[in-house]
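Understanding the architecture of this molecule
Chain by chain, the residues run as shown.
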Amino acid sequence: MIRPANFASNPETLASNRFQSSAAEMNAAEIQRAARPEFDGLVTALSNAGVNVHVFDDTPEPVKPDAVFPNNWFSTHADGVVVFYPMLAPNRRLERRPDIVAALHARNGFHVHDTIDLTHRELDAKYLEGTGSLVLDRIHRIAYACLSPRTDLDVLGEFGQRLDYEIAAFDAADANGAPIYHTNVLMSVGTKWAAVCTQAIEQGRRAAIVALLESTGHDIIELTLEQMHSFAGNMLELRTRDGGLVIAMSKTALDSLAQEQRTKLESHATIVSAPIPTIERLGGGSVRCMIAEVHLPRDGR
């Protein structure tokens, strides 16, 4: 997780992110005073739940308003592969920091065997924004992805070929018919469960996506469009230090769920939540977006 130095509503992403709002009523200092405690509160909630959290500080320069969302520029994999991704907004490309990947090795003993760099696709104006664009079923090696200006089918194909993932691509839109900017706001896939807003998925692909989730043994929690806009789809399953499972989400997301949905999720893992209203409103992303999970092997493996 990246502690923000200059969090703000990013003007370069507003056009493609309908979950994001501007901050005309707040100045930069007020935004930081609100965002930093929200970030630290989430770190504390995850740590108290038994999750190992590796926190890095954003650098003040260059200014990176979305640095708090590191899952868009890199992902790590159990075979020691790190992937760097092409991003639509030029100021988001500044977030890529190989020094953080190096520090995971130096500080924590994680090992990188290979690096796959897809950032050259930015020259062709083709993008794939990490585990925002990709919702990965790592066990069955399936990558779910809704196509958008930030998720290009050609780059999806390259990801699938190079990492040996089946691609399950589809179009998705909100209640107003606007394309969903990132797949991870409409669905989340855990070990044995999947929360998904099927209403947002194009009708011609909806049944196939549900059937694929069911064929891999996932207990499906159906989300409404309203719950999706409350970031209920933006949750993430994490493993604790003692091998248990938790599902991380924001308080906004948790409050939007019906008791039946909570009970279904809690049958698979413990729910951990924290309030992050400023980050959600101005950043247009929630808890899942704030976490770049570490799947790398330790040294000697």
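Above this note sits the structure.
Presented here is a report on the structure given in the accompanying data block. Everything numeric in this text was worked out from a predicted model, so none of it was measured.

**Observations regarding empty space enclosed by the protein**
One pass over the full model with this rule turns up two cavities of 30 Å³ or more. Quantified by volume, the second largest cavity comes out at close to 40 Å³.

**Observations concerning unusual backbone geometry**
In this structure, P62 follows E61 across a cis peptide bond, with omega equal to -10°. With a phi close to 60°, D164 is a non-glycine residue in the positive phi region. Mapped onto the elements of the fold, D164 is located in the loop between α5 (153–163) and β8 (166–170). In this model, F231 sits at a positive phi of 70°, which is unusual for a non-glycine residue. Its place among the elements puts F231 in the loop between α7 (225–229) and β12 (236–239).

**So, the environment of P277**
Tracing the chain through its elements places P277 in helix α10 (residues 277–283). Of the residues examined, P277 reaches a relative accessible area of 44% and is grouped as partly exposed. C-alpha of P277 to C-alpha of E38: the two residues are 239 residues apart in sequence and 7.9 Å apart in space.

**Quick word on the state of the cysteines**
Scanning the entire structure with this criterion turns up zero disulfides. With no disulfide of its own, C146 has C197 as its nearest cysteine by sulfur position, at a separation of 11 Å. The class for C146 is buried, based on a relative accessible area of 0%. Here C289 is not cross-linked by a disulfide; its sulfur's nearest cysteine counterpart is in C146, at 12 Å.

**Topic: the packing of aromatic side chains**
As enumerated under the stated definition, the model contains four aromatic pairs in all. Chaining the aromatic ring pairs together yields one cluster made of W73, F74 and F84. Against the face of F110 rests R298, its NZ or CZ located 4.0 Å from the ring centre.

**Thoughts on the pattern of salt bridges**
Counted by the stated rule, this structure contains 17 salt bridges. The residue D154 makes a salt bridge to K126 at a minimum N-O spacing of 2.4 Å. Placement of the pair is D154 in helix α5 and K126 in the loop between β5 (114–117) and α4 (130–133), with a sequence separation of 28 residues. With its nearest N and O atoms 2.7 Å apart, the salt bridge here joins K251 to D255. One end of the pair, K251, and the other, D255, are both in helix α8 (residues 251–256), four residues apart, so they sit about a helical turn from each other. Exposure remark for K251: the relative accessible area of 41% places this residue in the partly exposed category. By relative accessible area, which is 45% here, D255 ends up partly exposed. Through salt bridges with shared partners, one network takes in R121, D124, E158 and R162.

**A look at α5**
Looking only at α5, the buried set comprises V155, L156, E158, F159, G160 and L163. Buried residues along α5 sit in contact with β4 (81–84), β5, β6 (135–137), β7 (142–146) and β8. The residue sitting at the N-terminus of α5 and contributing the capping side-chain oxygen is D152; that oxygen lies 2.8 Å from the backbone nitrogen of D154. Backbone geometry just downstream of α5 places D164 in the positive-phi region, at approximately 60°.

**Some details on the layout of surface pockets**
Empty space within the largest pocket amounts to approximately 1200 Å³. Considering the residues around the largest pocket, the lining is formed by 46 residues, among which L238, R239, E293, V294 and H295 are closest to the centre. Split into classes, the residues belonging to the lining of the largest pocket amount to 27 nonpolar, 10 polar and nine charged.

**Quick word on the side chain of R92**
Here R92 is to be found in helix α2 (residues 90–93). Exposure remark for R92: the relative accessible area of 2% places this residue in the buried category. A distance of 2.7 Å separates polar atoms of two side chains, one belonging to R92 and the other to E95.

**A word on the sheet that holds β8**
If you walk across this open sheet you meet the three strands as β6-β7-β8, and the pairing is mixed. Only two strands of the sheet have a single neighbouring strand rather than two, namely β6 and β8. Neighbour-to-neighbour, the strand axes of the sheet open up by a mean angle of 20°, direction not taken into account. Bridge count for β6 against β7 is three bridges, and the pairing is antiparallel. Counterpart to L136 in the pairing with β7 is A143. Across the sheet, α5 is in contact with β6, β7 and β8; its angle to β8 comes to roughly 160°. Strands β7 and β8 of the sheet are contacted by helix α6 (residues 203–215), whose axis makes an angle of about 145° with β8.

Reading guide: rules and limits
Residues numbered from 1 in each chain as written. Predicted model: local features only at pLDDT ≥ 70, side-chain atom pairs only at ≥ 80, totals over all residues. Heavy atoms only, no water. 1 Å grid on protein atoms, 1.4 Å probe; cavity = no way out; pocket = protein on both sides within 12 Å on 5 of 7 lines; lining within 4 Å. Points joined across faces, edges and corners; volume = space filled by probe spheres on them. Helix = DSSP H or I, 4+ residues; strand = E, 2+ residues; numbered from the N terminus. Buried < 20%, exposed > 50% of the residue type's maximum accessible area, 1.4 Å probe, protein only. Disulfide = S-S within 2.5 Å. Phe/Tyr/Trp six-rings, centres within 6.5 Å; stacked < 30°, edge-to-face > 60°. Lys NZ or Arg CZ within 6 Å of the ring centre and 35° of its normal. Salt bridge = Lys/Arg side-chain N within 4 Å of Asp/Glu carboxyl O. Contact = heavy atoms within 4.5 Å. Polar contact = N/O pair within 3.5 Å; in protein donor to acceptor, adjacent residues only side chain to side chain. Nonpolar A, V, L, I, M, F, W, Y, C, P; charged D, E, K, R; others polar. Pairing = 2+ DSSP bridges. Axes fitted to C-alpha atoms, helices over the stretch in contact; angles between N-to-C directions.

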